[in-house]
Amino acid sequence: MDLALTADQETIRGVFADFFTAEAGPDRARAAEPLGVDGPAWNRLLETGAPGMGLPESAGGGGASLTDLAVVAEELGAAIAPVPFIEHAVAARLLFATGACPDAVVGGTEIATLALRPAQGGISRLVPAGAVAQHVAGLDGDRLVLASGDAPGVALDNHGCLPLADRPLGDAMILLEGTEAHAAHARALDEWRTLTAGALVGIGRTALDLGVDYAKERQQFGKPIGSFQAVQHLLADLPGLIEGARLLAAKAAWAGDGGPGINGINDLDNNDVTDFATLAGMALVFAGEAAATATDRSLHVHGGYGFAEEYDIQLFYRRARAWALTLGDPSRECRRIADLLLEPSEHAA
Amino acid sequence: MDFSLSPRAAEFRSEVRAFLDANLTEEVVATMHRTGTFNDKDFNAALAEAGLLAGAVPGYGDRDPIELYILFNELEKAGAPYDGLAVTMLVAGVINAVGTDFHRKQVLDRLLTGRFNCCLGYSEPDHGSDVAAIATRAVRDGDQWVIDGQKMWTTMAHESDWAILLTRTDPDVPKHKGLTMFLVPMDSPGIEVQPVPTMATERTNATFYDGVRIGDEWRLGDVNGGWSVMGVALAFERGVMGGTNPAVPLLRHVRNWAADAPSPDGGQMIDDPLLRERIARTAIANQVGQLLTLRAAWIAATGGLPGLEGSMAKLYATDRYQQAVGWFQQMAGAEGLLGFDTAGAAADGWIDYDARHSPVTTIYGGTTEINRNNVAERHLGLPRAR
Ligand SMILES: Cc1cc2nc3c(=O)[nH]c(=O)nc-3n(C[C@H](O)[C@H](O)[C@H](O)COP(=O)(O)OP(=O)(O)OC[C@H]3O[C@@H](n4cnc5c(N)ncnc54)[C@H](O)[C@@H]3O)c2cc1C
């Protein structure tokens, strides 16, 4: 049992916190709307080796674990950095696992992403980072394919100004077929869930900080609004939610890294869960809820200014929802988790 | 990060689980709910004999806080009678931290046998959340103190050999500065214990102190230093001694019920999509409750001072427990209203039980509002509201 970051992870955290705040913080996120990607910031990120950090050193990567990547993801979320780091990291690992990751993807000069939904009629809908990725890995029937080509460069207009786009997966290179294809995609999707959960933790963290800072400064009735108990209590529930989400995302990453003691248990009766797929789903659902609650309450504490475009909290509010819902309805995700925890239901929708 | 238990902690958990398999009989569980006394001296003594009880005292012996967490978490998940044990061991921890040799010999050593109990005498009829305002007086008379007053909600007083009693020893100074804590032998003349039944199965008590005389050797901590002793006790209570996984047994009961219960729509309830969603959401909340509690334990185990981590775990877990109870009570329909021992009761009456019990979890051990005040002021640094 060790709930601390390692010294290396603390270093990673510090480096990325500084980078995202300075080079890709909320101002850049605002400026990057509606596409949701700041090209120059991504190019500077390349210089740090970040795009390939989740690949083994033997493949030219940084040898980072999923736990390390989750640390980066939280900092990315905390700054709502408009760079497709999570999608790229997940896709690069998938490409490496299924054969070889192109050098341009290792280095990040070409962006890769994961299509979350299987293609229908040859098209995968609402691909995250699909607006900017040259490489899209995804499922087309029982095949895992890689579609490479120019990125559309425009996003579907959306709530969180995420770089979402529909991408064709027909005429693509076949990476794997059959159960292997489904297993590899499922693994990548669980990594995406875990890292997106990490990013949502970061969103929640900054939303809380914004709310607390505002509540200390803003005066009404001759006092800081943070001295009103109704305001205090809106905020006081949040540290536990955010810390809980952080721990659950970290536990999912730990399970995904397959460290010692991992035995893939789903013991509902004893509240003993170490199965990666279950934990990844749990982390995404819970972090999505924590980030939604944190941004909701923080926005409310800002009064009318929270609704104004000028204030940053609305940027966090919209991304908290958009990042959490890109995969779909959390209730459906919960039913999938129930299938892992219980016997799968014949009637499951 | 590493979420696995150390080999030693894993071994300890296996021992606790084996103990529960052997000793937590249906009879023990039925008795606790029938009598309302969530304390079983034979069960506690068996724990002591199995060598598992010294690990239950916070800060004592060679067990670390992770193992303390494991013991109480396993007891809570199994639905064992542990309320009396938790309070007793909490007092043992307080004695270990601030007590004298006399207290250790007279009280602590006995508590470790499992045959003796302590209760907490803080709350009064007119002073609950504002506990520093209590009015029960202790007046010095030579080497003795004379205690007069009334306590409310003195749970386990009827089982207890001692109470830790928060008293006012100086009414002329600010309220926190005039308090003194005593260990009071419950067989002292002048003490009366009256049962207070509750809407759930558990009972509690009102206790009355009429000219109760005890020697100064029973004082715990300094004269007028009672508030700092409270601080030690509250730090233990709002930590890792149970109360943050109440929905684990609930979920077990619901799952067992749903496996057999017919759905009004045909098929079994376990195939109902909404029920499955809610089972998953409750399982998520149970994981989070566990992780927040583990974090408090881990901070303590690594030499840190858990501040409000325990409060956050309690705030979160009790809120979600109540939400889950509401969901499952609705989904069990009218059969969910039926109690223990009633034919046809959903989940053998456990849903009715949890719906009765859950309201108290956001009240006792510090209400949700008091915990939120503490998090707001001491964790978030917001200006004081009062
Ligand atoms: C079953 C049971 C067992 C118990 N066991 C013990 C025990 O063994 N020993 C013991 O000493 N005590 C025990 N208690 C007492 C318990 O700690 C108190 O009930 C609790 O602290 C609340 O006090 P109160 O009931 O007087 O409510 P009050 O303090 O009167 O509170 C009433 C309501 O007002 C709210 N409120 C009060 N102050 C504030 C504030 N500043 N800001 C916002 N809201 C506020 C509360 O949150 C609550 O909702 C037990 C209680 C119960 C019900």
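Thresholds applied
- Residues numbered from 1 in each chain as written.
- Chains lettered and ligands numbered in written order.
- Predicted model: local features only at pLDDT ≥ 70, side-chain atom pairs only at ≥ 80, totals over all residues.
- Heavy atoms only, no water.
- Helix = DSSP H or I, 4+ residues; strand = E, 2+ residues; numbered from the N terminus.
- Rg over C-alpha atoms; globule rule 2.2 N^0.38 Å.
- Contact = heavy atoms within 4.5 Å.
- Areas by Shrake-Rupley, 256 points an atom, 1.4 Å probe, with all protein chains shown as cover.
- Lys, Arg positive; Asp, Glu negative; His and termini not counted.
- Charge placed at Lys NZ, Arg CZ, Asp CG, Glu CD.
- Buried < 20%, exposed > 50% of the residue type's maximum accessible area, 1.4 Å probe, protein only.
- Core = buried A, V, L, I, M, F, W, Y, C linked by side-chain atoms within 4.5 Å.
- Buried area = accessible area lost by both parts, 1.4 Å probe.
- Salt bridge = Lys/Arg side-chain N within 4 Å of Asp/Glu carboxyl O.
- Polar contact = N/O pair within 3.5 Å; in protein donor to acceptor, adjacent residues only side chain to side chain.
- Nonpolar A, V, L, I, M, F, W, Y, C, P; charged D, E, K, R; others polar.

A. Representation of the overall build of chain B within the structure. Across its full length, chain B holds twelve helices and eight strands. Its C-alpha atoms give chain B a radius of gyration of 21 Å, near enough to 21 Å, the size a compact globule of 386 residues would have. Residue pairs in contact within chain B that sit at least 24 positions apart in sequence constitute 71% of those at least 6 positions apart. For chain B, the accessible surface area stands at approximately 15,200 Å², while carbon and sulfur atoms represent 51% of it. The averaged location of the 49 negative side-chain charges in chain B is 5 Å from the averaged location of its 34 positive side-chain charges.

B. Structural context of the environment of L45 of chain A. All names here are of chain A. For L45, the location among the structural elements is in helix α3 (residues 39-47). Residue L45 is classed as buried on the basis of its relative accessible area of 0%. Put simply, L45 and E23 are 22 residues apart on the chain and 8.9 Å apart in space, counted from C-alpha to C-alpha. With residues near it in sequence (within four places) discarded, L45 still touches F16, F19, F20, A50, P51, V83 and F85.

C. Looking closely at the nonpolar core. The biggest cluster of nonpolar side chains holds 235 residues, and the ones touching the most others in it are F20, F85 and L235 of chain A together with F72, L183 and W257 of chain B. The greatest single-element share of this core, amounting to 16 residues, is contributed by helix α7 (residues 178-217) of chain A. The residues touching L235 of chain A, leaving out its near neighbours within four places in the chain, are L208, G211, V212, A215 and V301 of chain A together with L380 and L382 of chain B. Among the nonpolar cores identified, the runner-up in size contains seven residues, and V136, V145, A147 and L169 of chain A belong to it.

D. Region of interest: the interface of chain B and chain A. Between chain B and chain A, the contact holds 52 residues from the first and 56 residues from the second. Here chain B packs against chain A, burying approximately 5,100 Å² in sum over the two surfaces, 63% of which is carbon and sulfur. Two residues, R17 of chain B and D272 of chain A, come together in a salt bridge whose shortest N-O distance is 3.8 Å. Between chain B and chain A we count 22 residue pairs in polar contact (both at pLDDT 80 or more) in total. Looking at the side of chain B that touches chain A, the elements with two or more residues in it are α1 (7-23), α4 (65-78), α8 (247-260), α9 (273-301), α10 (309-332) and α12 (368-379) of chain B. With 17 residues, α9 of chain B is the single largest residue contributor to the side of chain B that touches chain A. In the side of chain B that touches chain A, the residues fall into 26 nonpolar, nine polar and 17 charged.

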